[in-house]
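Each chain, letter by letter, is given below.
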Amino acid sequence: MSEAIAYINDQYVPASEAKVSILEPTFTKSDVVYDTISATDRSIFRLEDHLDRFENSCKVMQITPPYTRSEISTIVANCIDRTGLDDTCTTIMGTRGPYKDISSRDPRNCSNGLIVLSVPYYYVIPKERAKNGINLSIVENKRVPAESVDARVKNFNWMDLTRGLLESYDKGGDSALLCTPDGKLSEGPGFNVWLAKNGTLKTPKGNLLEGITRRTVFELAAEIGIKTIETDIYPDELREADEAFTTTTAGALASVVEIDSKPLGNGAPGLLTSQLSELYWKKRKDGWYGTHVDDLLEQ
Ligand code: PLP
């Protein structure tokens, strides 16, 4: 039988047994950086790119997990292996950890930790919705500005994203797209966004997580000769696009067919989106950017 597996306090345990203390700022202050990696057929996609981003997040927040990069890779492989599953999502968390002295609130006075969690592969946007296309709400709730929280540092401070998601559900949407305080498109709760107009792909730049799937789409588009632009985008440009899609590790590309409950383009999943999505999955099946779990376990 397969199940979610965690690595915590130097041990592999069923995820249901992995616990974080309520005394830790990890919990009380969401003082955690993380990264989420997917594996299909036990082949981990772009492991080194995810580890680069994770290391940068740790560096910015001055969190030093007590393991080397190569030890983290081995822990990731072991967690995936122990789930018994072919397709997984694995989250690596660098935690602030417990205060060494409980009477202190100084984040420097903490023993930083590492938690790794492997679960069955999941979809940020439910698979069936993604296939038929989703209704994306451009919500009123704004993305926290970069001057306050740097979205490139992947973190658990999700109040803006969660408020956006709830606002979208209240409006009958499938998910939310948040704007920056000055009204430019940013990203959604767990994904980046793209639009296509007259055969060119555009994605927002600025305060957003520079997604690994987003990076992958730049490469796939180049391969099929599609021009890509990373630029400031305002909501009306998205509303007038021919097609749009979201990108994320957990679910890859999802078509957007409505914006604020109004049809986008011809109201059906776009051809370019489908082409990129098929190419993404085909190349992954062929092992593109893959690191096999067994190869890591053998090292
Ligand atoms: N934006 C946010 C806020 C995210 O949480 C995520 C992924 O979890 C993404 C974008 C997409 O990033 P990636 O493609 O690396 O999964």
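Thresholds applied
- Residues numbered from 1 in each chain as written.
- Predicted model: local features only at pLDDT ≥ 70, side-chain atom pairs only at ≥ 80, totals over all residues.
- Heavy atoms only, no water.
- Helix = DSSP H or I, 4+ residues; strand = E, 2+ residues; numbered from the N terminus.
- Buried < 20%, exposed > 50% of the residue type's maximum accessible area, 1.4 Å probe, protein only.
- Contact = heavy atoms within 4.5 Å.
- Areas by Shrake-Rupley, 256 points an atom, 1.4 Å probe, with all protein chains shown as cover.
- Axes fitted to C-alpha atoms, helices over the stretch in contact; angles between N-to-C directions.
- Parallel < 35°, antiparallel > 145°, perpendicular 65-115°, else oblique.
- Left-handed = near helix turned anticlockwise from the far one by under 90°.
- Nonpolar A, V, L, I, M, F, W, Y, C, P; charged D, E, K, R; others polar.
- Core = buried A, V, L, I, M, F, W, Y, C linked by side-chain atoms within 4.5 Å.
- Pairing = 2+ DSSP bridges.
- Right-handed = clockwise from strand over helix to strand, strands pointing away.
- Near = heavy atom within 4 Å.
- Polar contact = N/O pair within 3.5 Å; in protein donor to acceptor, adjacent residues only side chain to side chain.

(A) Focus on the overall build of the protein. A count of helical and extended segments in the protein gives nine helices and 15 strands. If you line up the protein on its principal axes, its C-alpha atoms span 55 × 45 × 30 Å. Expressed as a percentage of its 299 residues, the buried residues of the protein come to 52%. For the protein, the proportion of contacts with a sequence separation of at least 24, taken over those separated by at least 6, is 71%. Per element, the accessible surface of the protein, about 14,000 Å² overall, is 51% carbon and sulfur.

(B) Region of the structure containing the packing of helix α2 (residues 47-60) against helix α3 (residues 69-83). Across the interface, α2 lies against α3 with an axial gap of 11 Å and an inter-helix angle of 125°. Taken together, α2 and α3 sit at an angle that is classed as oblique. As α2 runs across α3, the sense of the crossing is right-handed. Across from L47, E48, L51, D52, F54 and E55 in α2, the residues of α3 making contact are R69, I72 and S73. Here the contact of α2 with α3 is built from residues that sort into four nonpolar, one polar and four charged.

(C) Quick peek at the nonpolar core. Counting residues in hydrophobic clusters, the biggest one holds 24 residues, and the most contacted among them are I44, I72, I92, L114 and V116. Those elements giving two or more residues to this core turn out to be β1 (5-8), β3 (32-40), α2, α3, β6 (113-120) and α9 (293-298). Ranked by residues supplied to this core, first place goes to α3 with six residues. Apart from residues no more than four positions distant in its own chain, I44 is found in contact with I37, S38, A39, V76, I80, Y289, G290, T291, V293 and L296.

(D) Molecular detail of the pairing of strand β10 (residues 200-204). Among the five residues of β10, four are classified as buried, and the element is accordingly described as predominantly covered. Here strand β9 (residues 192-197) pairs with β10 via three bridges, running antiparallel. Among the inter-strand pairings, L195 is bridged to a residue of β10, identified as K202. As consecutive antiparallel partners, β9 and β10 are separated by two residues, and within that stretch N198 has a phi angle of approximately 50°, a positive value. Taken together, the five bridges between β10 and strand β11 (residues 227-231) define a ladder with parallel strand orientation. Paired with T203 across the two strands is E230, which belongs to β11. Crossover β10 to β11 through helix α6 (residues 212-223) is right-handed.

(E) Looking closely at the site of the ligand. Taken together, 17 residues sit near the ligand, with K154, E187, I212, T213 and T249 positioned nearest. Contact between the ligand and T213: an oxygen atom at 2.6 Å from a side-chain N or O atom of the residue. Here the ligand has 390 Å² of accessible area as a free molecule, and 94% of this is covered by the chains. Looking at the shell around the ligand, the elements that each hand over two or more residues are α6 and β12 (243-248). Of the residues belonging to the shell around the ligand, the class tally is six nonpolar, eight polar and three charged.

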